[in-house]
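These are the residues of each chain, in order.
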Amino acid sequence: MACATLVVITAGALVTSNDAGLSVPDWPTSFGYLVKVPHFVGGVRYEWSHRMVAGTLVTLTLAIALWTFLVEKRRWLRWLAIGAFCTVIAQATLGGLTVLFFQPPWLSTAHATVAQTFFCIAVAIAVFTGRQWVDRPETSRPRVEPDSRHPSLFTLTCLSIVVLYVQLILGGMFRHHGMSWWPHVLNAIVVSFVLAWTAIRAISVYSNIDAVRRPAIGMLALLITQLCLGFTAFLTRVAWGRDAAQPELPMVASTVAHVAVGALLLATTVVLAIQVWRNIPVAVTERVPLARRDASAA
């Protein structure tokens, strides 16, 4: 399901990058039909293919949600699977509304944001049902001291997710012509600083915990890749392709790769947050009332 979601996100990025969002003018039908294959003229091939792979993902998510609800013993995971199905339905509805309302920037950005949220949920379900999560006994976890640093690593991972969501929204608004490019570029500096801080802290302090070290390394590698792709996309689309009559191959390739790697970066950061929450306890400072503290000192 997670891999299929990445395919759907990539297909959606192809639709946007090729300016093919309204190539199929009706929804939920396509030129009046539900399953009939239309003539692949212009952007129809991108928009129709995106709808088909998205419909396949909805069916797959329904099957996984039902199976999880029937066989999974962890109640919270059953509800997470149901939540995943509700999220993919919301995502499909937002996609249809973007067609019916002629792609307003805020609606198209919401469509993109919910898509990556669903991707994170799918990846989380894959983590929670994996053997390393289910079969590993509590006694096999490496002993670590409570994280007494300020901010804690878990706080940093949560902050990383927040700044990535802000970046996702700013990038979506720019791609759908709702704002200029510079807020997205400026926030990329904030994202780079926060994610590098988080990854370096995790790698340098908790290198003995594989579940934390591996996603931290992956996050840092994806961050560097994403910055390079973002710079390439800026050159091809903003600097060099501003007056292009239609999207050219370098513009499409760089922006689609930028979207796909961005989704992987967000999902990897979510996995890191989950593993930090599971493996690294946070030191809690005991708050002693002032009157009791004074009496003890006396």
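Fair warning: this is a prediction, and the values are worked out from it, not measured in the lab.

Chemist: For this particular structure, what's the right way to read the overall build of the protein?
Modeler: Within the protein one finds ten helices and zero strands. Projecting the C-alpha coordinates of the protein onto the three principal axes gives extents of approximately 85 × 50 × 35 Å. Classification of the 298 residues of the protein by burial places 42% in the buried group. When contacts within the protein are restricted to residue pairs at least 6 apart in sequence, those whose partners lie at least 24 apart make up 75%. Approximately 16400 Å² of the protein is accessible, and the part contributed by carbon and sulfur atoms is 68%.

Chemist: Teacher, can you tell me more about the pattern of salt bridges here?
Modeler: When the charged atoms of two side chains with opposite charge come close together, those side chains can pair. Within the structure shown, the criterion is met by four salt bridges. R74 is the salt-bridge partner of E72, the closest N and O atoms lying 2.8 Å from each other. According to the relative accessible area criterion, R74 is partly exposed, its value standing at 21%. Residue D210 pairs with R213 through a salt bridge whose shortest N-O separation is 2.7 Å. Here D210 and its partner R213 are both found in helix 8 (residues 210-239), three residues apart, which amounts to about one turn of the helix.

Chemist: Can you walk me through helix 3 (residues 75-100) in this structure?
Modeler: Since the α-helix turns once every 3.6 residues, residues separated by three or four places project in the same direction. Between its first and last C-alpha, helix 3 extends 38 Å over 26 residues, near the 38 Å set by a 1.5 Å rise per residue. Looking at helix 3, one finds that the buried residues are L77, A81, A84, T87, V88, Q91, L94, G95, G96, T98 and V99. Buried residues in helix 3 make contact with helix 2 (44-71) and helix 4 (105-128). Just downstream of helix 3 lies F102, where phi reads positive at about 60°.

Chemist: Quick question: what am I supposed to make of helix 1 (residues 2-17) here?
Modeler: In this model helix 1 runs 22 Å from its N-terminal to its C-terminal C-alpha over 16 residues, within 8% of the 22 Å that 1.5 Å per residue would give. Among the residues of helix 1, those classed as buried are A2, T5, V8, I9, A11, G12, A13, V15 and S17. For helix 1, the elements touching its buried residues are helix 2, helix 4, helix 6 (153-175), helix 8 and helix 9 (249-279). Of the residues flanking the end of helix 1, it is D19, one or two places downstream, whose phi is positive at about 55°.

Chemist: I would appreciate a short explanation of the packing of helix 4 against helix 9 in the present structure.
Modeler: Close contact between helix 4 and helix 9 brings their axes to 9 Å; oriented N to C, the two are set at 45°. On the basis of their axis angle, the class for helix 4 and helix 9 is oblique. In this structure, helix 4 meets helix 9 at a crossing whose hand is right-handed. On helix 9, the residues that touch Q116, F119, C120, V123, A124, V127 and F128 of helix 4 are V259, G262, A263, L264, L266, A267, V270, V271, I274 and Q275. Of the residues contributing to the contact of helix 4 with helix 9, the split by class is 14 nonpolar, three polar and no charged.

Chemist: Please explain the nonpolar core as it appears in this structure.
Modeler: Here is a general trend for soluble globular proteins: nonpolar side chains tend to be buried in one another's company. Of all hydrophobic cores here, the largest spans 54 residues; its most connected members are F119, F128, L153, L195, V212, L265 and I280. Broken down by secondary-structure element, the contributors of at least two residues to this core are helix 1, helix 3, helix 4, helix 6, helix 7 (182-205), helix 8 and helix 9. The greatest single-element share of this core, amounting to 14 residues, is contributed by helix 9. When neighbours within four sequence positions are excluded, I280 is seen to be in contact with V144, D147, L153, Y206, I209, V212 and Q275.

Chemist: How should the side chain of E47 be read in this particular structure?
Modeler: Counting through the fold element by element, E47 comes out in helix 2. Polar contacts involving the side chain of E47 include one to the side chain of R51, which spans 3.0 Å. Apart from the residues lying within four places of it in its own chain, the contact partners of E47 are V15, A20, G21, S23, V24 and V99.

Chemist: Which parts of the structure should I look at to understand the packing of aromatic side chains?
Modeler: Aromatic ring pairs are described here by two measures, namely the spacing of the ring centres and the angle between the planes. One pass over the structure, following the stated rule, counts five aromatic pairs. Summarising the aromatic geometry, the rings of F40 and W48 are spaced 5.7 Å apart at their centres and angled 50° between planes, so their arrangement reads as tilted. Under the relative-accessibility criterion, F40 is labelled partly exposed at 40%. Judged by its relative accessible area of 10%, W48 is buried. Residues F128 and W133 carry aromatic rings whose centres are separated by 5.0 Å and whose planes lie at 70° to one another, so their mutual orientation is edge-to-face. Note on accessibility: F128 and W133 belong to one class, buried. Every member of this aromatic cluster is reached through a ring pair, and the members are W76, F128 and W133. The ring of W133 is capped by R278, whose NZ or CZ atom sits 4.0 Å from the centre of that ring.

Chemist: I would appreciate a short explanation of the environment of A65 in the present structure.
Modeler: Positionally, A65 belongs in helix 2. Take A65: its relative accessible area is 3%, and that puts it in the buried class. A65 sits 13 residues away from M52 along the chain, and the two C-alpha atoms are 20 Å apart. Not counting chain neighbours up to four residues away, the residues in contact with A65 comprise A81, I82 and F85.

Calculation notes
Residues numbered from 1 in each chain as written. Predicted model: local features only at pLDDT ≥ 70, side-chain atom pairs only at ≥ 80, totals over all residues. Heavy atoms only, no water. Helix = DSSP H or I, 4+ residues; strand = E, 2+ residues; numbered from the N terminus. Buried < 20%, exposed > 50% of the residue type's maximum accessible area, 1.4 Å probe, protein only. Contact = heavy atoms within 4.5 Å. Areas by Shrake-Rupley, 256 points an atom, 1.4 Å probe, with all protein chains shown as cover. Salt bridge = Lys/Arg side-chain N within 4 Å of Asp/Glu carboxyl O. Expected span 1.5 Å × (residues − 1). Axes fitted to C-alpha atoms, helices over the stretch in contact; angles between N-to-C directions. Parallel < 35°, antiparallel > 145°, perpendicular 65-115°, else oblique. Left-handed = near helix turned anticlockwise from the far one by under 90°. Nonpolar A, V, L, I, M, F, W, Y, C, P; charged D, E, K, R; others polar. Core = buried A, V, L, I, M, F, W, Y, C linked by side-chain atoms within 4.5 Å. Polar contact = N/O pair within 3.5 Å; in protein donor to acceptor, adjacent residues only side chain to side chain. Phe/Tyr/Trp six-rings, centres within 6.5 Å; stacked < 30°, edge-to-face > 60°. Lys NZ or Arg CZ within 6 Å of the ring centre and 35° of its normal.

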